[in-house]
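Listed below, chain by chain, are the residues.
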Amino acid sequence: MSKKSVVNEANEIQLAISLIQLGARLQMLEAETGLSRERLVRLYKEIKGVSPPKGMLPFSADWFMTWLPNIHASLFYNIYRFMVTHGELKGAQALIAAYRLYLEHVNTESEPLLSFTRAWMLIRFFDGGLLQLTECTHCKGKFVSLAYEPQAGFVCSICRPPPRACKTRAERSFAQVDIESIGVPEMA
Amino acid sequence: MDAQSNLLSEIREVNLSYLLLAQRMLHEDRATAMFRLGFSSEVADIISNLTLAQTVKLASSSTLLCRFRFDEATLLAALNHSALGSAVQRAHTTMLMANQPVEQID
């Protein structure tokens, strides 16, 4: 057992606070910080004012495959990759920096489609080899896809959106409502 | 003031505000600033360690210091008015930007 360092503990609490503010679940806090469960629960209650939600984490890798979640996940993961390769950040710090940049792209009034916990799961799926990045042959962008999927001739869901895209209310709120709010004329 | 010197002073102004903005961003949050500016860590170090005198000297060049960061694919994504709306388009541009090579010193 290593000796407990007060400075380390302070840093971990600081990290846990940032994670909770962004919407981390308890399981994630336990994995990313070395603090005990009881302290994390107390911290969570103090910051959010409610008990941490119980139940399993969103565990499906297939969630990232439907078109709108795929765009969000790809956006987040590309930013995260930059943070790791160029930004000299590691682990939770890279996650926090990338997630804050991702939030700039979503409507501030509604809940972000890619929740913080899902973003964390996304990275774990990549680390575990369940997901890979596939390059779109049109725009050369790299998109999240299931591992071992054929890479040749892939066209992303932005270059070739599915015919039913933007038909549900949730999708419209991400894709179109903010056109009105900025006042850009919609293309015919 | 004739047009030529007017132009040069405008270039210097842009250079100086670019450098000062880059420095401020790098001091506030280095990794995020590197993402926004497209800098490698060497360039980020150099820019954030410039003294004020050096910054002014560097800015008083007759050429622009910042580079156009769009390559063909990114530019097309930014200009392409897709049916999906501007938020998707912005997300697409950011995604492609993140994949581009950063500015670095060989």
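Refer to the structure presented above.
Quantities reported herein were computed from a predicted structural model and do not represent experimental measurements.

**Some points on the interface of chain A and chain B**
Move 1: Opposite the 35 residues of chain A that make contact, chain B presents 25 residues.
Move 2: When the buried area of chain A at its contact with chain B is split by residue, A:F82, A:H105 and A:I158 rank highest and sum to 23% of it.
Move 3: Across the pair A:E104 and B:R36 runs a salt bridge, and its minimum N-O distance is 2.6 Å.
Move 4: At the boundary of chain A and chain B, one finds six residue pairs in polar contact (both at pLDDT 80 or more).
Move 5: Looking at the side of chain A that touches chain B, the elements with two or more residues in it are helix 4 (67-85), helix 5 (91-103), strand 2 (142-146), helix 7 (169-175) and helix 8 (177-182) of chain A.

**A word on the layout of surface pockets**
All names here are of chain B.
Move 1: Roughly 420 Å³ of internal volume is contained in the largest pocket.
Move 2: Lining of the largest pocket is provided by 18 residues; of these, Y18, F39, L65, C66 and E103 occupy positions nearest its centre.
Move 3: Put simply, the parts of the chain that give the lining of the largest pocket at least two residues each are helix 1 (3-28), helix 2 (30-37) and helix 3 (41-49).
Move 4: When grouped by side-chain class, the residues that make up the lining of the largest pocket number 13 nonpolar, one polar and four charged.

**Description of the packing of aromatic side chains**
All names here are of chain A.
Move 1: Following the criterion strictly, the structure yields 11 aromatic pairs over all chains and no others.
Move 2: Ring geometry for F76 against Y102: centres 6.5 Å apart, planes inclined by 85°, an arrangement best described as edge-to-face. With F76 in helix 4 and Y102 in helix 5, this pair connects stretches of sequence that are 26 residues apart. Like Y102, F76 is buried.
Move 3: Aromatic rings pair up to connect F76, Y77, Y80, Y99, Y102, F116 and F126 into one cluster.
Move 4: Directly above the aromatic system of W63 lies the positively charged group of R118, at a separation of 4.0 Å from the ring centroid.

**Describing the packing of helix 4 of chain A against helix 5 of chain A**
Packed helix pairs are specified by the crossing angle of their axes together with the interaxial distance, meaning the distance between the axes.
All names here are of chain A.
Move 1: Orientation of helix 4 relative to helix 5, taken along the N-to-C sense of each, is 130°, at an axis distance of 9 Å. Looking at the two axes, helix 4 sits oblique to helix 5. Two packed elements cross with a definite hand, and for helix 4 against helix 5 that hand is right-handed. Contacts between helix 4 and helix 5 involve H72, L75, F76, I79, Y80, M83 and V84 from the former and G91, A94, L95, A97, A98, Y99, L101 and Y102 from the latter.
Move 2: Split into classes, the residues belonging to the contact of helix 4 with helix 5 amount to 13 nonpolar, two polar and no charged.

**With respect to helix 2 of chain B**
Move 1: Most of helix 2 of chain B is tucked away: six of the eight residues are buried.
Move 2: Where helix 2 of chain B is concerned, the buried positions are B:A31, B:T32, B:A33, B:M34, B:F35 and B:L37.
Move 3: On its buried face, helix 2 of chain B sits against helix 4 and helix 5 of chain A together with helix 1, helix 3 and helix 6 (86-99) of chain B.
Move 4: Looking at the residues trailing helix 2 of chain B, positive phi occurs at B:G38, about 75°.

**A few points about the nonpolar core**
Move 1: Membership of the largest hydrophobic core comes to 79 residues, with the highest contact counts inside it found for A:F76, A:M83, A:F116, A:L122, A:V144 and B:F39.
Move 2: Ignoring any residue separated from it by four or fewer positions in sequence, one finds B:F39 in contact with A:F82, B:Y18, B:A22, B:L26, B:M34, B:A44, B:I47, B:V102 and B:E103.

Quick notes on the rules
Residue numbering note: each chain is counted from 1, following its sequence as written. Following the order in which they are written, the chains are lettered starting with A and the ligands numbered starting with 1. The predicted nature of this model means local features are confined to residues of pLDDT at least 70 and side-chain atom pairs, given and counted, to a pLDDT of 80 or more, with totals for whole chains, interfaces and linings taken over all residues. Processing note: side-chain calculations cover all non-hydrogen atoms of the structure and skip hydrogens and water entirely. Here a residue-residue contact requires only that any non-hydrogen atoms of the pair lie within 4.5 Å. The term buried area means the drop in 1.4 Å probe accessible area that two parts suffer when joined, counted for both and summed. The working definition used for a salt bridge is a side-chain nitrogen of Lys or Arg within 4 Å of a carboxyl oxygen of Asp or Glu. N or O atoms within 3.5 Å of each other form a polar contact, as long as, within protein, one can give a hydrogen and the other can take it, and as long as residues adjacent in sequence are counted only when both atoms are side-chain atoms. Numbering of helices and strands runs from the N terminus, with a helix taken as a DSSP run of H or I at least four residues long and a strand as a DSSP run of E at least two residues long. Put simply, the grid is 1 Å and covers the protein atoms alone, a cavity is a trapped set of points that fit a 1.4 Å probe, a pocket is an open set with protein on both sides within 12 Å along at least five of seven lines, and lining residues have an atom within 4 Å of a point. Grid points are joined across faces, edges and corners, and a volume is the space filled by probe spheres set on the points. Amino acids outside the nonpolar list (Ala, Val, Leu, Ile, Met, Phe, Trp, Tyr, Cys, Pro) and the charged list (Asp, Glu, Lys, Arg) are all regarded as polar, and Gly is one of them. To pair, rings of Phe, Tyr and Trp, with the six-membered ring standing in for Trp, must have centres within 6.5 Å; the planes then decide the type, stacked if under 30 degrees apart, edge-to-face if over 60, and tilted in the middle. For every residue, the accessible area (1.4 Å probe, protein chains only) is compared with the maximum for its type, and the residue is labelled buried under 20%, exposed over 50%, or partly exposed between those bounds. Sitting over a ring, as applied to charges here, requires NZ of Lys or CZ of Arg to be within 6 Å of the ring centre and within 35 degrees of the ring normal. Note on geometry: axes are lines fitted to C-alpha atoms, helical ones only across the stretch in contact, with angles between N-to-C directions running from 0 to 180 degrees. Orientation is classified from the angle alone, with under 35 degrees giving roughly parallel, over 145 giving roughly antiparallel, 65 to 115 giving roughly perpendicular, and any other angle giving oblique. Helix crossings fall into two classes, left-handed where the near helix is turned counterclockwise from the far one by less than a right angle and right-handed where it is turned clockwise. Remark: nonpolar core denotes a set of buried residues (Ala, Val, Leu, Ile, Met, Phe, Trp, Tyr, Cys) joined through side-chain atoms within 4.5 Å.

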